[in-house]
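Reading the structure
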Amino acid sequence: MIRKIVIAGAGTMGYSMASIFARYDYEVVIYDVSEKAINNAKEKISINVDTLVNEKEITVSQANSLHEHLSYTTDTDCFKDCDLVVESIIENLSIKQSFYAAVSKIVREDTILATNTSGLSINALASVVYKPERFIGMHWFNPSHLILLIEIIKGDNTSDEVAKTIYDLSLAIHKKPVIVNKDVLGFAANRIQFAILREALYLIENNVVSKEGIDDLMKYGLGFRYACLGPLEVVDFGGVDTFHHISEYLMKDLCDSKDVPKLLDEIYQRGDYGIKTKKGFYDYQDGKDVIKMNERDEKLVKLFNALYK
């Protein structure tokens, strides 16, 4: 049974996951090698919890309970008596491997080790783990307090019992888990996301649709529908026969390039990385970055409340 959880990494995803587990009365320790990161996590969690109280999402009593279930440390002794480690440190294979090579020898032999990597190979990470059958991917999505999906990725050695335990844990914190049975690059969600991105950029590069038009197609058409129906359900509603007939001529015409899309590479080479540099496909200077982020968060909250609350 999972009762004590150590979150390794006090960054955005780390403290977000910790808050969610603590909200459901799990004993949670946030571990980081940096005292500065720990202090930042404390501050961010306090702000987020105050917001939940002000918006009447939780009571003052529940807020106090959440804080009581959280602790913070830079001491690796925290790993000695936990039931689960969820790692969310820097997305670097060698650094993560060094972490697991050490921690898998500190924890109990029955402690489950889970990584929040968004794309690194589960098998490559598990290769340095003592008793790799207890190692698994547990991929959360940002913002984790709104995005319900958790991808659970099995490595070649992951036991079915471990996968079921993490699946049941995800349900217990009111998430929507999906088990990915094989360790493939990008897992499932990112493979679908990048397939869409490849075709979108292909259409822009060939002057079929503008970048604004592509985003509008998703926001007001496909994305709006996909918020309610998955792609296979869309086929059933639209007619398998219709989609089959379209596939006969359209599949061969879709972009199947194996290279980084030209437009994406050009923007990357300019050093324009999106919101973080205030310029990407769009311009976010002069405060537009804050405006757009606030708009995004407001829309996500409204959508979440409309569909799931």
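Everything that follows concerns the structure shown earlier in this document.
Report on the accompanying structure. (Residues numbered from 1 in each chain as written. Predicted model: local features only at pLDDT ≥ 70, side-chain atom pairs only at ≥ 80, totals over all residues. Heavy atoms only, no water.)

1. Points about the overall build of the chain
- A tally of regular secondary structure across the chain gives twelve helices and eight strands.
- Taking 309 residues into account, the globule formula puts the C-alpha radius of gyration at 19 Å, and the chain, at 21 Å, falls close to it.
- By its C-alpha atoms, the chain is 60 × 45 × 40 Å across when sized along the principal axes.
- A burial count over the chain gives 36% of its 309 residues as buried.
- Considering only residue pairs separated by 6 or more positions, the chain has 64% of its internal contacts joining residues 24 or more positions apart.
- Summing over all exposed atoms, the chain offers an accessible surface of approximately 18,100 Å²; the carbon and sulfur share of this is 55%. (Helix = DSSP H or I, 4+ residues; strand = E, 2+ residues; numbered from the N terminus. Rg over C-alpha atoms; globule rule 2.2 N^0.38 Å. Buried < 20%, exposed > 50% of the residue type's maximum accessible area, 1.4 Å probe, protein only. Contact = heavy atoms within 4.5 Å. Areas by Shrake-Rupley, 256 points an atom, 1.4 Å probe, with all protein chains shown as cover.)

2. Considering the pattern of salt bridges
- Within this structure, the stated rule accounts for 17 salt bridges.
- Residues aspartate 289 and lysine 278 are paired through a salt bridge, measuring 2.6 Å at the closest nitrogen-oxygen approach. Here the residue aspartate 289 occupies a position in helix H12 (residues 288-307), and lysine 278 occupies one in the loop between helix H11 (262-269) and H12, the gap between them amounting to eleven residues.
- The partly exposed category is assigned to lysine 278, whose relative accessible area is 37%.
- Each of Asp83, Arg108 and Asp110 takes part in one network of salt bridges that share partners. (Salt bridge = Lys/Arg side-chain N within 4 Å of Asp/Glu carboxyl O.)

3. Considerations on the side chain of aspartate 83
- Within the secondary structure layout, aspartate 83 lies in the loop between strand S3 (70-73) and strand S4 (84-87).
- There is a polar contact of 2.9 Å between the side chain of aspartate 83 and the backbone nitrogen of arginine 3.
- Not counting the four nearest positions on each side in its chain, aspartate 83 is found in contact with Met1, Ile2, Arg3, Lys4, Arg108, Thr111 and Ile112. (Polar contact = N/O pair within 3.5 Å; in protein donor to acceptor, adjacent residues only side chain to side chain.)

4. What about helix H4 (residues 93-106)?
- When the terminal C-alpha atoms of H4 are compared, their 20 Å separation across 14 residues agrees well with the 20 Å that a helix rising 1.5 Å per residue should span.
- Within H4, burial applies to Lys96, Gln97, Phe99, Tyr100, Val103 and Ser104. One side of H4 carries all its buried residues, which in axial view fall inside an arc of 160 degrees.
- Of the surrounding elements, those touching the buried residues of H4 are strand S1 (4-8), strand S2 (27-31), S4, strand S5 (112-115), helix H5 (122-126) and strand S6 (135-140). (Expected span 1.5 Å × (residues − 1). Arc of directions from axis to C-beta.)

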